[in-house]
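Reading the structure
Each chain, letter by letter, is given below.
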Amino acid sequence: MDKLLIAGGTPINGEIRISGAKNATLPMLAAALLASTPIEICNIPHLQDVTTTIELLGLMGAVFTVNDDLNIQIDTSTLTQFSAPYELVKTMRASILVLGPLLARYGKADVSLPGGCAIGSRPINLHIHGLQAMGADITIKNGYIHARTHGRLRGAKILMDQVSVTGTENLIMAATLANGVTIIENAACEPEVTDLIHLLNKMGAEITGVGTTTLTVEGVSTLNGTKYTVLPDRIETGTYLTAGALTGGKVKLKNTDPKILDAVLLKLEEAGAEIDTGVDWIYLDMKGKRPKAVDVCTAPYPAFPTDMQAQFTALNAVAEGSGAITETIFENRFMHVQELQRMGAEINLRGNTAVTKGVKNLTGAPVMATDLRASACLVLAGLAAQGTTIVDRIYHIDRGYECIEEKLQNLGANIKRVSNYTVSDIYSIYG
Ligand code: UD1
């Protein structure tokens, strides 16, 4: 099993390009199921979750073509299967995103229930209730959601009890081909939801209220193929900025968008970073200083994203002073805390708040990644720590960070991917 070896303790310094957003790419690939003609998606990141989605749609009969610019064209006119098997869904919960499009276009979908998750229970009741409100007949049997509709889904008024990103995306996609108008209240307005809506509208959908919590979808009878470029990954951007901040370094990130990252940029400034931005770049300079601890509370966009919580826990672990990080989205998203404590972090976990008293130096240690963003947190901690950190189970990180070790090497980090390591591997990363 691959591991990352990191020789930490030096500031990172350099310039890299940010990839397309994973959380926008996945629903866009599912949206191809709605189109009568092929769609072409540009700026797709090379990630395990994207490969899993392509495998899932391929199993259903979709045909993928990669052109010279590495854009992916998807033709779903060849579909023969309307199911998402447990074997794939258990590796990626976002597979649930095929439910709404399959039901809307083909009137049937058999999708495995995702099962447990390291960061919390993550139910899908909101997806199911919304589709039922649109007239779908849904039963759950043998671990599968069996959804059917006779004729088109029908427009409905849906109030989401809780803000759900993929729940909102599933229901918007289902509503695009429904008969009549669907109004979704308390919708998620994450930039990835907005990006999906831009794609759907380009395909011929009629969605208004874009970027707000009330979306109105007027159903149309067909959607067509189009060409669309995925927005930059704001969580990848935030992760590399935090790497700069907690090592006292400087980074310039290109091909990104500072407008979708306000909450994170403000917290980094509060931590002492000097930040400059342009239309598609962000420059962060810590001027060699240790960061100051910050208080953070996660909440739906535009508040501070839960997907940046673990990285900021690492930041507070090496910061001056004490900071409280409160997680309000997922009930069990502090698995990284125990691993940080093994590196010498002083963190007191009280319910859903991690109170951290920053230490001057973390010390490298073997640590275990438990989920995608927890693994990013451990890599960041390894960059700041004195000595060698070995991050195990990095298949989690490959789900969401494109070429992480190459990008960090470009920023001057001593990091290396190994499957089995020896003492000489540990010395070799010191360059
Ligand atoms: C998406 C993101 C994930 C991010 C999360 C929150 C993708 C592929 N993943 O996950 O990176 O961390 O948003 O920003 O876009 N909930 C219910 N019932 C439901 C659905 C959700 O109770 O039917 C609850 C969840 O348990 C959680 C909260 O709503 O407490 C938010 O979850 P949700 O926004 O749905 O997360 P995902 O869409 O799975």
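Since the model is a prediction, treat every value here as computed from it, not as a measurement. (Residues numbered from 1 in each chain as written. Predicted model: local features only at pLDDT ≥ 70, side-chain atom pairs only at ≥ 80, totals over all residues. Heavy atoms only, no water.)

What follows covers the domain arrangement of the protein. According to the domain assignment, the protein consists of domain 1 (2-19 + 232-429) and domain 2 (22-229). Taking only C-alpha atoms into account, the centre of domain 1 sits 31 Å from that of domain 2. The interface of domain 1 with domain 2 comprises 22 residues on the first partner and 20 residues on the second. Buried area between domain 1 and domain 2, both sides added, is near 1800 Å², and the carbon and sulfur share of it is 52%. On inspection of domain 1 and its partner domain 2, the count reaches two salt bridges. Across the salt bridge formed by Arg234 and Glu192, the nearest N and O atoms sit 2.8 Å from each other. Linking domain 1 to domain 2 there are seven residue pairs in polar contact (both at pLDDT 80 or more). Per-class residue counts for the side of domain 1 that touches domain 2 are seven nonpolar, four polar and eleven charged. (Domains from an automatic or database assignment. Contact = heavy atoms within 4.5 Å. Buried area = accessible area lost by both parts, 1.4 Å probe. Salt bridge = Lys/Arg side-chain N within 4 Å of Asp/Glu carboxyl O. Polar contact = N/O pair within 3.5 Å; in protein donor to acceptor, adjacent residues only side chain to side chain. Nonpolar A, V, L, I, M, F, W, Y, C, P; charged D, E, K, R; others polar.)

UniProt tags Lys22 and Asn23 as "binding site: phosphoenolpyruvate" (unreviewed entry). Considering the arrangement of structural elements, one finds Lys22 in helix H1 (residues 22-31). Side chain to side chain, Lys22 and Asn23 meet in a polar contact 2.9 Å long. On the basis of relative accessibility, which here comes to 26%, the residue Asn23 falls in the partly exposed class. Dropping the residues within four chain positions of it, Asn23 is found in contact with Glu169, Glu192 and Asp307. (UniProt positions renumbered as here; feature names shortened; annotations may be inferred. Helix = DSSP H or I, 4+ residues; strand = E, 2+ residues; numbered from the N terminus. Buried < 20%, exposed > 50% of the residue type's maximum accessible area, 1.4 Å probe, protein only.)

Picture the strands of a sheet paired through backbone hydrogen bonds; they go either parallel or antiparallel. One open sheet accounts for four strands, arranged S4-S5-S3-S14; its pairing is mixed. The open sheet is flanked by strand S4 (63-66) and strand S14 (227-229), the only strands paired with a single partner. Along the sheet, successive strands turn relative to each other by an average axial angle of 20°, direction set aside. Relative to strand S5 (residues 72-75), strand S3 (residues 39-42) runs antiparallel, the two being bridged by three bridges. Directly across from Glu40, in S5, lies its bridge partner Gln73. Its contacts with the sheet put helix H7 (residues 191-202) on S3 and S14, and the angle it makes with S14 is roughly 165°. (Pairing = 2+ DSSP bridges. Axes fitted to C-alpha atoms, helices over the stretch in contact; angles between N-to-C directions.)

Attention now goes to the pairing of S5. Judged by which residues are buried, S5 turns out to be one-sided: Ile72 and Ile74 face inward and are buried, whereas Gln73 and Asp75, on the alternate face, are not. Here S4 runs beside S5; their pairing, made up of four bridges, is antiparallel. By the bridge assignment for S5, Thr65 is matched with Gln73. Hairpin connection, S4 to S5: the antiparallel pair is bridged by five residues, and Leu70 has positive phi, about 65°.

The next point concerns unusual backbone geometry. In this structure, Pro302 follows Tyr301 across a cis peptide bond, with omega equal to 15°. Mapped onto the elements of the fold, Pro302 is located in the loop between strand S18 (296-297) and helix H10 (309-317). One non-glycine residue, Asn255, lies in positive phi territory at about 55°. Mapped onto the elements, Asn255 comes out in the loop between strand S15 (250-254) and helix H9 (262-270). You can call Asn255 partly exposed: its relative accessible area is 37%. One non-glycine residue, Arg393, adopts positive backbone phi at about 60°. Within the secondary structure, Arg393 sits in the loop between strand S23 (387-392) and helix H13 (395-398). Judged by its relative accessible area of 35%, Arg393 falls in the partly exposed class.

This paragraph deals with the site of the ligand. Around the ligand lies a shell of 18 residues, among which Asn125, Ser164, Thr166, Asp307 and Ile329 are the nearest. Note that an oxygen atom of the ligand is positioned 3.3 Å from one of the side-chain N or O atoms of Gln162. Thr166 places a polar side-chain atom, nitrogen or oxygen, 2.6 Å from an oxygen atom of the ligand. Contact with the protein chains removes 87% of the 740 Å² of surface that the ligand exposes when unbound. Elements with a minimum of two residues in the shell around the ligand: helix H5 (125-133) and helix H6 (165-176). Top element by residues in the shell around the ligand is H5. It accounts for three residues. In terms of residue class, the shell around the ligand is built from eight nonpolar, seven polar and three charged. The residue makeup of the shell around the ligand includes at least three contributed by each of domain 1 (2-19 + 232-429) and domain 2 (22-229). (Near = heavy atom within 4 Å. Areas by Shrake-Rupley, 256 points an atom, 1.4 Å probe, with all protein chains shown as cover.)

Relative to each other, helix H4 (residues 99-106) and H6 sit at 10°, their axes nearing to 7 Å. In this view, H4 runs roughly parallel relative to H6, as classed from their interaxial angle. Counted together, Leu99, Gly100, Pro101 and Ala104 of H4 and Asn170, Met173 and Ala174 of H6 form the full contact between these two elements. Split by residue class, the contact of H4 with H6 holds five nonpolar, two polar and no charged. (Parallel < 35°, antiparallel > 145°, perpendicular 65-115°, else oblique.)

In this model, the second largest pocket occupies a volume close to 330 Å³. Surrounding the second largest pocket, 17 residues form its lining, Ile44, Pro45, His46, Leu70 and Glu402 being those nearest its centre. Top contributing element to the lining of the second largest pocket by residue count: helix H2 (residues 48-60), with three residues. Class assignment of the residues belonging to the lining of the second largest pocket gives a composition of eight nonpolar, six polar and three charged. When residues of the lining of the second largest pocket are assigned to domains, at least three map to each of domain 1 (2-19 + 232-429) and domain 2 (22-229). (1 Å grid on protein atoms, 1.4 Å probe; cavity = no way out; pocket = protein on both sides within 12 Å on 5 of 7 lines; lining within 4 Å. Points joined across faces, edges and corners; volume = space filled by probe spheres on them.)

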